[in-house]
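Listed below are the residues making up each chain.
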Amino acid sequence: MTNISDYSPEQLTEYFKSKKIPSFRTKQLLEWVYRKPVFKFDEMTDLPKTLRDDLAADFSLYSVRELIRKVSIDGTNKALFELGDGESVETALIPSGDGFNYTICVSCQVGCPMGCAFCSTGHQGFQRNLSVSEIVDQVRYFNALLGSNGRISNVVFMGMGEPFSNYDNVIRAANIMNADWGINIAARSITISTVGVISGIRNFMREGHQFGLAVSLHAPSDQIRNRLLPYNKSTGVDKLLKACRDYVSITNRRITFEYCLFKGINDTREVADELIDKLKGLNCHVNLIAPNATFDHGLQPSESVLDFENYLKDNHINVTLRKSMGSDIDAACGQLKSNSYRT
Ligand code: SAH
Ligand code: SF4
């Protein structure tokens, strides 16, 4: 069955036309689908009953189905969603602290082909890309769950998968999240995080998207980065940073670098000096992350996170230490994986 969020506003208008239903119903339906999502067509109370029945016969309302949901002591929610073909992905919902606004961490692939050394998603291998509606519906579903008690005001593509190896669907999904007829989340509040797919960064730059861009750098040299992120062997740090510099100068936007600190690997003074040198003069922000526990990959969390942070600060690099949320329910960065791969 077709999922309702797979239809564009134009296709919905066509659908209504074929049923001789006035076009103003499109706007009403879009409101229910994206602005005040509900769990059943029957709850769309300003649509005639016959239309609600027709819609329920012709469309499914969500392409994701909640299998399990866990709530962390810090308020983070993690849902395991089943997809139409029986595959599954996880999504995390993180409270902002004001009691109303939330950040959602969405997945864009079942598994991930990049195989980063410390990431559970990479460890499970790659199964498939998510469709546009499977990405958008993670947000719609959690908004329906929040109802009038909250709203999703920030989206980060930091769940399962590499956004730039599912480029078209990710950009389409982000556009629907941003559209005024869609979920209407500000473009600057939608961030795409990439392991460093250069063609993706360059397309993203050329197409002039207003979404935020984060690059998982984790190391300033090929020697270290190749070990942590094997995908680096096909690109190299210098080529990646050149693309980042071009992005910043062409778009005039700041870029975020994620940097997960591992003991004795990428947390030494020597590595910090190389990082400072390579980021010099670049309008960027470095997000330091203490690694979350995943599988037994043999890398130890750094014991000098604060030193590293202060040293970057002393050297005029914008830097913050990212607070990890939801680690007690395995909902933190790098901990998301499909149920069947749970060990
Ligand atoms: N594939 C994209 C986005 C998803 S991963 C990317 O790699 O950027 C989101 C972030 O979580 C990335 O910065 C990734 O490096 C980080 N991450 C992966 N495993 C982690 C772990 N065990 N602890 C902390 N962060 C982790
Ligand atoms: Fe994929 Fe990102 Fe995990 Fe690397 S860190 S395996 S790119 S999801």
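Owing to the predicted nature of the structure, the values given are computational and were not obtained by experimental measurement.

Student: Sorry, what's going on with the overall build of the protein here?
Tutor: Check the secondary structure of the protein and you find 11 helices and 14 strands. The C-alpha atoms of the protein give a radius of gyration of 21 Å, which matches the 20 Å a tight globule of 343 residues would have. Expressed along its principal axes, the backbone C-alpha trace of the protein runs to roughly 70 × 45 × 35 Å. Within the protein, the fraction of its 343 residues that count as buried is 55%. For the protein, restricting intrachain contacts to residue pairs at least 6 apart in sequence, the fraction spanning at least 24 positions comes to 66%. Surface exposure of the protein reaches about 15000 Å², of which carbon and sulfur atoms provide 48%.

Student: Sorry, what's going on with the pairing of strand S6 (residues 101–105) here?
Tutor: Remark: a regular strand shows side chains that alternate across the two faces of the sheet. With five of five residues buried, S6 is to be regarded as a mostly interior element. Both faces of S6 are covered, namely the face carrying Asn101, Thr103 and Cys105 and the face carrying Tyr102 and Ile104. One ladder, built from four bridges, connects strand S5 (residues 88–95) with S6; its direction is antiparallel. Residue pairing for S6: alanine 92 is matched across the bridge by cysteine 105. Connecting S5 to the antiparallel partner S6 that follows it, the hairpin turn spans five residues, and glycine 97 within it adopts a positive phi of roughly 110°. As defined by bridge partners, S6 adjoins strand S9 (residues 151–157) across five bridges and the pair is classed as parallel. Each bridged residue has a counterpart across the sheet, and for cysteine 105 the counterpart in S9 is valine 156.

Student: Looking at this structure, I do not really get the packing of aromatic side chains. What am I missing?
Tutor: For any pair of aromatic rings, geometry is given as the distance between the ring centres together with the angle between the planes. Applying the stated criterion across every chain, the model contains 15 aromatic pairs. Measuring from centroid to centroid gives 6.1 Å for phenylalanine 39 and tyrosine 62, while their planes differ by 45°, and the two rings are tilted. Separated by 23 residues along the polypeptide, phenylalanine 39 in the loop between helix H2 (24–35) and helix H3 (49–58) and tyrosine 62 in the loop between strand S2 (59–60) and strand S3 (65–71) bring together distant segments of the chain. Overall, phenylalanine 39 belongs to the partly exposed group, its relative accessible area being 37%.

Student: Would you explain the site of ligand 1 in this entry?
Tutor: Near ligand 1 lie 21 residues; those nearest to it are Gly161, Ser193, Ser216, His218 and Asn292. Histidine 218 places a polar side-chain atom, nitrogen or oxygen, 2.6 Å from an oxygen atom of ligand 1. In the model, an oxygen atom of ligand 1 is placed 3.2 Å from a nitrogen or oxygen of the glutamate 258 side chain. Compared with its free state, where it exposes 530 Å², ligand 1 has 96% of that area covered by protein. Looking at the shell around ligand 1, the elements with two or more residues in it are strand S10 (190–194) and strand S12 (255–260). Here the residues of the shell around ligand 1 are counted per class, giving 10 nonpolar, nine polar and two charged.

Student: Before we go on, may I ask you to explain the domain arrangement of the protein in this structure?
Tutor: It is common to give the size of an interface as the accessible area lost on bringing the parts into contact. Segmenting the protein into domains produces domain 1 (17–60) and domain 2 (65–341). Opposite the seven residues of domain 1 that make contact, domain 2 presents 13 residues. When the two sides are added together, the surface that domain 1 and domain 2 hide from each other amounts to roughly 830 Å², 64% of it contributed by carbon and sulfur. For the domain 1 face of the interface with domain 2, the top three residues by lost area are Tyr34, Arg35 and Phe39, together amounting to 67%. There are zero salt bridges connecting domain 1 and domain 2. Counting every contact that joins domain 1 to domain 2 gives three residue pairs in polar contact (both at pLDDT 80 or more). Taken together, the residues that form the side of domain 1 that touches domain 2 break down as six nonpolar, no polar and one charged.

Student: What should I look at first to understand the sheet that holds S9 in this one?
Tutor: Read across the sheet, 10 strands follow the order S3-S4-S5-S6-S9-S10-S11-S12-S13-S14 without closing on themselves; strand pairing throughout is mixed. Edge positions in the sheet fall to S3 and strand S14 (319–322), since each of these pairs with one other strand and no more. Pairs of neighbouring strands in the sheet enclose a mean axial angle of 25°, with direction left out of account. With respect to the sheet, helix H7 (residues 198–206) is in contact with S10 and strand S11 (212–216), its orientation differing from that of S11 by roughly 165°. The strands touched by helix H11 (residues 305–314) within the sheet are S12, strand S13 (284–289) and S14, with S14 carrying the most contacts at an inclination of about 160°.

Student: Just checking my understanding: could you explain helix H1 (residues 9–18) for this structure?
Tutor: The periodicity of an α-helix, 3.6 residues per turn, causes residues three or four places apart in sequence to face the same way. If you check which residues of H1 are buried, you get Pro9, Leu12, Tyr15 and Phe16. Axial view of H1: buried residues confined to an arc of 115°, hence all on one face. For H1, the exposed residues set more than 90 degrees away from the buried face come down to Glu10, Lys17 and Ser18. As for H1, its buried residues are in contact with H2, H3 and S2.

Student: Explain H7 to me, please; I cannot follow it from the model alone.
Tutor: For H7, the complete set of buried residues consists of Ile198, Gly200, Ile201, Phe204 and Met205. The buried residues of H7 occupy one face: seen down the axis, they fall within an arc of 160°. The elements touched by buried residues of H7 are helix H6 (167–178), S10, S11 and helix H9 (237–251). Positive backbone phi, at 70°, marks glycine 208, one or two positions downstream of H7.

Definitions and cut-offs
For every chain, the first residue of its written sequence is number 1, and the numbers climb from 1 along that sequence. Key to labels: chains lettered from A, ligands numbered from 1, both in the order written. Local features in this predicted model are restricted to residues whose pLDDT is 70 or higher, and side-chain atom pairs enter the listing and the counts only when it is 80 or higher, whereas totals over whole chains, interfaces and linings include all residues. Derived side-chain values reflect all non-hydrogen atoms in the structure, with water molecules and hydrogen atoms excluded from consideration. Strands here mean DSSP runs of E at least two residues long; helices mean DSSP runs of H or I at least four residues long; both are numbered from the N terminus. What the globule rule says is 2.2 Å times the number of residues to the power 0.38, and the radius of gyration is computed from C-alpha atoms. Buried means the residue's accessible area, taken with a 1.4 Å probe over protein chains only, is under 20% of the maximum for its type, while exposed means over 50%, and partly exposed covers the values in between. Note on contacts: a residue pair qualifies if any of its non-hydrogen atoms lie within 4.5 Å across the two residues. Using a 1.4 Å probe, the Shrake-Rupley method yields the accessible areas, and only the shown protein chains count as cover for residues. Strand pairing is assigned whenever DSSP identifies at least 2 bridges connecting the two strands. Centres within 6.5 Å are what make two rings of Phe, Tyr or Trp a pair, Trp counting through its six-membered ring; a difference in plane orientation under 30 degrees is then read as stacked, over 60 as edge-to-face, and the rest as tilted. Whether a residue is near a molecule or strand depends on its heavy atoms: if one lies within 4 Å, it is near. Distance and chemistry together define a polar contact, namely a pair of N or O atoms within 3.5 Å, with one atom able to donate a hydrogen and the other to accept it when in protein, and with adjacent residues in sequence counting only for side-chain atoms on both sides. Charged means Asp, Glu, Lys or Arg here, nonpolar means Ala, Val, Leu, Ile, Met, Phe, Trp, Tyr, Cys or Pro, and polar covers whatever is left, Gly included. Delimitation of the domains relies on an automatic or database domain assignment. When two parts are put together, the accessible area they lose, computed with a 1.4 Å probe and summed over both, is reported as buried area. We define a salt bridge as a side-chain nitrogen of Lys or Arg found within 4 Å of a carboxyl oxygen belonging to Asp or Glu. Only the contacting stretch of a helix is used when fitting its axis, a line to C-alpha atoms as for every element, and angles between N-to-C directions run 0 to 180 degrees. Each C-beta atom gives one direction from the helix axis, and the arc is the one those directions make.

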